[in-house]
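# Descriptive analysis of the structure
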Amino acid sequence: MNVQALTFRSTGAFSALANDFLDKPEKFADWLPLPFSIAGIQQAMAQRAGFGAEQRSMLLAALKAQYATLPNQQLPMSQLERLGKEGVFTITTAHQPNLFTGPAYLVYKIAGTIALARALEAEGLGYFVPVYWMGAEDHDLEELNHTYVFGKRIEWQTQQTGAVGRMLLDDLTEARDELLHILGNEGHAGELAALIESCYIKGITVAEATRRFIDQLFGAYGLVVVDGDDAQLKAQFVPQMRLELTEKASEALVLRAASELENAGYKAQIYPREINLFWLESGVRERIVATTHGYALAHGSKTWTAAEMEVALQRSPECFSPNVVLRPLYQEHILPNVAFIGGGAEVAYWNLLPKVFEKYQVPFPVVMLRTSAMVMDKGSFNRQQKLGLDNLQLFEETEQLIRDFIAAHESGLFTLQSENAKIQAIFEALADRVEQVDPTLKAAVLAEAKKLQGSLEGLQSRVIKAQKQKHETEVNQIRALKAKLFPENHLQERHDSFMNFYAWAGRDFIDTCVREMNPLRKEFLVLS
């Protein structure tokens, strides 16, 4: 695939925080303890040198159990064994188990994780295992139950509730068959259809299907998938959860950092709770709140005394689920991690967390903004070339792009601005003269000027419309190109499934992403 790189800022598509995070890293030194650089990773490695054999052994045991049901275990098991060795670190990204992986940016996050691990090993810095931390406990089904393939929204209708990762796929048949029909059985699209058919089967959970599918796509690159919804892993996090329940320390720390971030002109993204833990059981994920007698669920369906809560922590750690504030802490406590790769919103809220990590005595990783991308198929690329548009022009608002195109292919976009200015000057001079005779008539003169200017604006609009009609074919092509590359006015990566691109590019698409999406390059990529 052809690859061209843009800067994030030049696209105009990203937040001030994301742009400054890349271009002005010194602005974030007050929040983030480690810089977004190889030097930062080396510092993180030094901090993580104390990740002990016992921690690795427990991690390895939990992951082997998670991978036990995977049909082909050879590659992932060898990578797990590698993770169990002293001095091996992880590079991590995290995301919920969206239906059929959801928008394409999950693939970009994972590809960037693999690319960075490989780059660091090529630099001779050590050994690194890329990790996808699956947020299987997320209960926002409305956000996770759909994907867009070839312009079609495919949605899973289910009555199941609670953590999405725990939901069974027994009622997924209709959505899965719809996707298989759209993909067909020819070429690379047929390859995807076969993968979907083998991974998303009745009798298993969303989390298990997602692991199988992601492993099929990225297992050969050494990716390890970690499901945080695991009793063995959560047992290791009990001391931190106990501290959250008893001291409720994270709320004040995050609020203070959020205030500082907002005072610097950025959006904080997340807002903490007094207790940043959910209660998790079959069909339920509900907030734990403090009461005068101990604890309760937010809707009051379950209560605990302090002593009862301690028993629950000890006996059933899997029933406690960290929210967005504590999930990063949980992840970093479990893994020998040195870098976290996330999108702009994730980078924003990780800026709020260093003091929480410090309080809970967990090393903080280097935070990195993932690579973003836009993919053009052959038809879109040819249309862009025929229209003579460069990559940055594609990010312009559609009507502005059309105006610019017409201006470039005519003697300019028709305008009566000069004539309007002259008329305005004539009528202002006339109004001054009339005012000397009768001040009450000045307003009438200016009203006539405004009426004439309105007529001229109408004439200008008709001439511009005629110019557009003269270039009707090109104008329609611009609209179609923009609609395809920016579906529903979103960045393509935040809307379309990666399947749209794999269907025509095949494995070359995945290979290109892994090769090109090293986040240290700080690039927005245009792939074609």
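Since this is a predicted model, take the numbers as computed values, not measurements.

On to the sheet that holds strand β1 (residues 3–6), then. Spatial strand order, β1-β15-β14: three strands in an open sheet with mixed pairing. Edge positions in the sheet fall to β1 and β14 (372–375), since each of these pairs with one other strand and no more. Across the sheet, the mean angle from the axis of one strand to that of its neighbour is 25°, orientation sign disregarded. Where β1 lies against strand β15 (residues 524–527), four bridges are found, and the strand directions are antiparallel. For V3, the partnering residue across the bridge sits in β15 and is L527. Sheet contacts for helix α24 (residues 507–516): β1, β14 and β15; angle to β15, the most-contacted strand, approximately 155°.

The next subject is the sheet that holds strand β11 (residues 320–322). In spatial order, the strands read β10-β9-β8-β7-β11; together these five strands make up an open sheet with antiparallel pairing. The outermost strands of the open sheet, each flanked by one partner alone, are β10 (303–304) and β11. The pairing of strand β7 (residues 277–281) with β11 spans three bridges and is classified as antiparallel. Paired with W279 across the strands is F320, a residue of β11. Contacts from helix α12 (residues 238–247) reach β7, β8 (284–291), β9 (294–297) and β11, with the element oriented near 120° to β7.

Inspection of every chain in the model, using the stated rule, returns 23 salt bridges. Here K109 makes a salt bridge to E346, at a shortest N to O gap of 3.1 Å. Placement of the pair is K109 in helix α6 (residues 105–122) and E346 in helix α16 (residues 344–350), with a sequence separation of 237 residues. With a closest N to O distance of 3.9 Å, K234 and D229 form a salt bridge. Classification of D229 as buried rests on a relative accessible area of 17%. Through salt bridges with shared partners, a single network forms among R9, D20, D23 and K27.

Attention now goes to the packing of aromatic side chains. The geometry of an aromatic ring pair is captured by the separation of the ring centres together with the interplanar angle, meaning the angle of the planes. Applying the stated criterion across every chain yields a total of 25 aromatic pairs. For the pair F14 and F524, a centre-to-centre distance of 6.0 Å together with 65° between the ring planes defines the contact as edge-to-face. Of this pair, F14 sits in the loop between α1 (8–11) and α2 (16–23) while F524 sits in strand β15, placing them 510 residues apart in sequence. Judged by relative accessible area, which is 1%, F524 ranks as buried. For the pair F395 and F486, a centre-to-centre distance of 5.3 Å together with 80° between the ring planes defines the contact as edge-to-face. In this pair, F395 is assigned in the loop between α18 (378–387) and α19 (398–409) and F486 in the loop between α22 (472–485) and α23 (499–505), connecting sequence segments 91 residues apart. Assigned by exposure class, F395 and F486 land together as buried. The lysine or arginine in question, K482, covers the ring of F486, its NZ or CZ lying 4.2 Å from the ring centre.

This part takes up the nonpolar core. With 165 residues, the main nonpolar core has Y108, F218 and F509 as its most contacted residues. It is α6 that contributes the most residues to this core, ten residues altogether. If we skip the residues at most four places from it in the chain, F218 touches V107, I110, A111, I114, L223, I510 and V514. Membership of the second largest hydrophobic core comes to six residues, among which are I423, F427, V445 and L456.

Contact pair α12 / helix α14 (residues 306–315): the axes reach a minimum separation of 10 Å and the direction vectors enclose 160°. Comparing their axes, α14 and α12 come out roughly antiparallel. Taken as a pair, α12 and α14 cross one another with a handedness that is right-handed. Facing V238, M241, R242 and L245 of α12, the residues of α14 in contact are M309, E310, L313 and Q314. Of the residues contributing to the contact of α12 with α14, the split by class is five nonpolar, one polar and two charged.

The calculated volume of the second largest pocket comes to roughly 270 Å³. The wall of the second largest pocket is formed by 16 residues, among which D30, W31, P354, K355 and E358 lie closest to the centre. Secondary-structure elements contributing two or more residues to the lining of the second largest pocket are α13 (250–263) and α17 (354–360). No other element matches the four residues that α17 contributes to the lining of the second largest pocket.

Turning our eyes to something else, we now look at unusual backbone geometry. Despite not being glycine, F100 has its phi angle at roughly 55°, a positive value. Mapping F100 onto the fold places it in the loop between β2 (88–95) and α6. On the accessibility criterion, F100 (0% relative accessible area) is buried. Of note in this structure, N489 is not a glycine but carries a positive phi near 65°. Looking at the secondary structure, you find N489 in the loop between α22 and α23. Taking the relative accessible area as the measure of exposure, N489 reaches 74% and is therefore exposed.

Rules used in this analysis
- Residues numbered from 1 in each chain as written.
- Predicted model: local features only at pLDDT ≥ 70, side-chain atom pairs only at ≥ 80, totals over all residues.
- Heavy atoms only, no water.
- Pairing = 2+ DSSP bridges.
- Helix = DSSP H or I, 4+ residues; strand = E, 2+ residues; numbered from the N terminus.
- Axes fitted to C-alpha atoms, helices over the stretch in contact; angles between N-to-C directions.
- Contact = heavy atoms within 4.5 Å.
- Salt bridge = Lys/Arg side-chain N within 4 Å of Asp/Glu carboxyl O.
- Buried < 20%, exposed > 50% of the residue type's maximum accessible area, 1.4 Å probe, protein only.
- Phe/Tyr/Trp six-rings, centres within 6.5 Å; stacked < 30°, edge-to-face > 60°.
- Lys NZ or Arg CZ within 6 Å of the ring centre and 35° of its normal.
- Core = buried A, V, L, I, M, F, W, Y, C linked by side-chain atoms within 4.5 Å.
- Parallel < 35°, antiparallel > 145°, perpendicular 65-115°, else oblique.
- Left-handed = near helix turned anticlockwise from the far one by under 90°.
- Nonpolar A, V, L, I, M, F, W, Y, C, P; charged D, E, K, R; others polar.
- 1 Å grid on protein atoms, 1.4 Å probe; cavity = no way out; pocket = protein on both sides within 12 Å on 5 of 7 lines; lining within 4 Å.
- Points joined across faces, edges and corners; volume = space filled by probe spheres on them.

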